[in-house]
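Residues per chain, in single letters:
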Amino acid sequence: MITKATIEDVSLLNTLINSAYRGESSKKGWTTEANLLEGLRTTEQELTETIQNTKNTILKFTENNQIIGCVLLIEKEHQLYLGMLTVSPELQNSGVGKKLLQQAEIHASELGLPKIVMTVISVREELIVWYKRNGYADTGAREPFPASDVHIPISKEPLEFIVLEKRIG
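This is a predicted model, so every value here is computed, not measured. (Residues numbered from 1 in each chain as written. Predicted model: local features only at pLDDT ≥ 70, side-chain atom pairs only at ≥ 80, totals over all residues. Heavy atoms only, no water.)

Q: Can you walk me through the pattern of salt bridges in this structure?
A: A full pass over the atoms with the stated rule returns six salt bridges. In this structure, the salt-bridge partner of Asp9 is Lys60, at a minimum N-O distance of 3.0 Å. Within this pair, whereas Asp9 is found in the loop between strand E1 (2–4) and helix H1 (10–21), its partner Lys60 is found in strand E3 (residues 56–63), the two being separated by 51 residues in sequence. The exposure classification of Asp9 matches that of Lys60, with both residues buried. Residue Asp138 pairs with Arg142 through a salt bridge whose shortest N-O separation is 2.9 Å. Within this structure, Lys115, Glu165 and Arg167 form a network of salt bridges that share partners. (Salt bridge = Lys/Arg side-chain N within 4 Å of Asp/Glu carboxyl O. Helix = DSSP H or I, 4+ residues; strand = E, 2+ residues; numbered from the N terminus. Buried < 20%, exposed > 50% of the residue type's maximum accessible area, 1.4 Å probe, protein only.)

Q: I tried to follow the pairing of strand E4 (residues 66–75) on my own but got confused; where do I start?
A: Within a regular beta strand, the side chains point alternately toward one face of the sheet and then the other, so they alternate between its two faces. For E4, the buried fraction is high: eight of the 10 residues fall into the buried class. Where E3 lies against E4, eight bridges are found, and the strand directions are antiparallel. By the bridge assignment, Glu63 is partnered in E4 with Gln66. Pairing analysis gives six bridges linking E4 to strand E5 (residues 80–87), with the strands arranged antiparallel. Bridged to Leu73 within E5 is Leu82. Linking E4 to E5, which pair antiparallel, is a turn of four residues. (Pairing = 2+ DSSP bridges.)

Q: How should I be thinking about the environment of Gly69 in this particular structure?
A: The residue Gly69 is located in strand E4 in this model. In contact with Gly69, other than residues within four places in its own chain, are Leu16, Leu59, Lys60, Phe61, Thr86, Val87, Val96 and Leu100. (Contact = heavy atoms within 4.5 Å.)

Q: Sorry, what's going on with the environment of Lys99 here?
A: Along the polypeptide, Lys99 turns up in helix H4 (residues 96–110). Separated by 98 residues in the primary sequence, Lys99 and Met1 have C-alpha atoms spaced 9.7 Å apart. Apart from the residues lying within four places of it in its own chain, the contact partners of Lys99 are Ile2 and Phe61.

Q: What exactly am I supposed to notice about the nonpolar core here?
A: In summary, soluble globular proteins display a tendency toward joint burial of nonpolar side chains. The biggest cluster of nonpolar side chains holds 26 residues, and the ones touching the most others in it are Leu82, Leu85, Ile116, Tyr131 and Tyr136. Counting residues per element, this core draws most heavily on H4, which supplies five residues. Dropping the residues within four chain positions of it, Leu85 is found in contact with Tyr21, Cys70, Val71, Gly97, Leu100, Leu101, Trp130 and Tyr131. The next biggest cluster of nonpolar side chains, apart from the first, holds 17 residues, and it includes Ala20, Ile58, Leu72 and Val117. (Core = buried A, V, L, I, M, F, W, Y, C linked by side-chain atoms within 4.5 Å.)

Below is the structure:
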């Protein structure tokens, strides 16, 4: 079941997101960033602030009373920004991510937004291919990767974001 996350979900979301993106647990899945980055992917404070902003929606995918996936959707001027698509590493390749993408498209349509955009680290080729299979296209735009206390690059390759988009309806 996919529903809107609330403040009460922050701790569980934080654990899920960090387990899927960073550290040893993330290596069980194919979407890990552990070979590229150290540090946390997010924090409870960041997630709380995100949920409190009315332009943001975090959708959670719940099964057997456990949150097994989520996605961040940010309402921008003429588009919906999609980020932090997360599926529990043990459950990747089970269709959860695709269902969250489909729900994001419904959300964009309900808001009257004609497209969804996202940024993906350029060296994450397998992930970019997956998004392209799901209707996203490379816009050609690139953005610098923001290294910080949270996102600590360990990759020998320089990191940048590619911008993908999908037109809705």
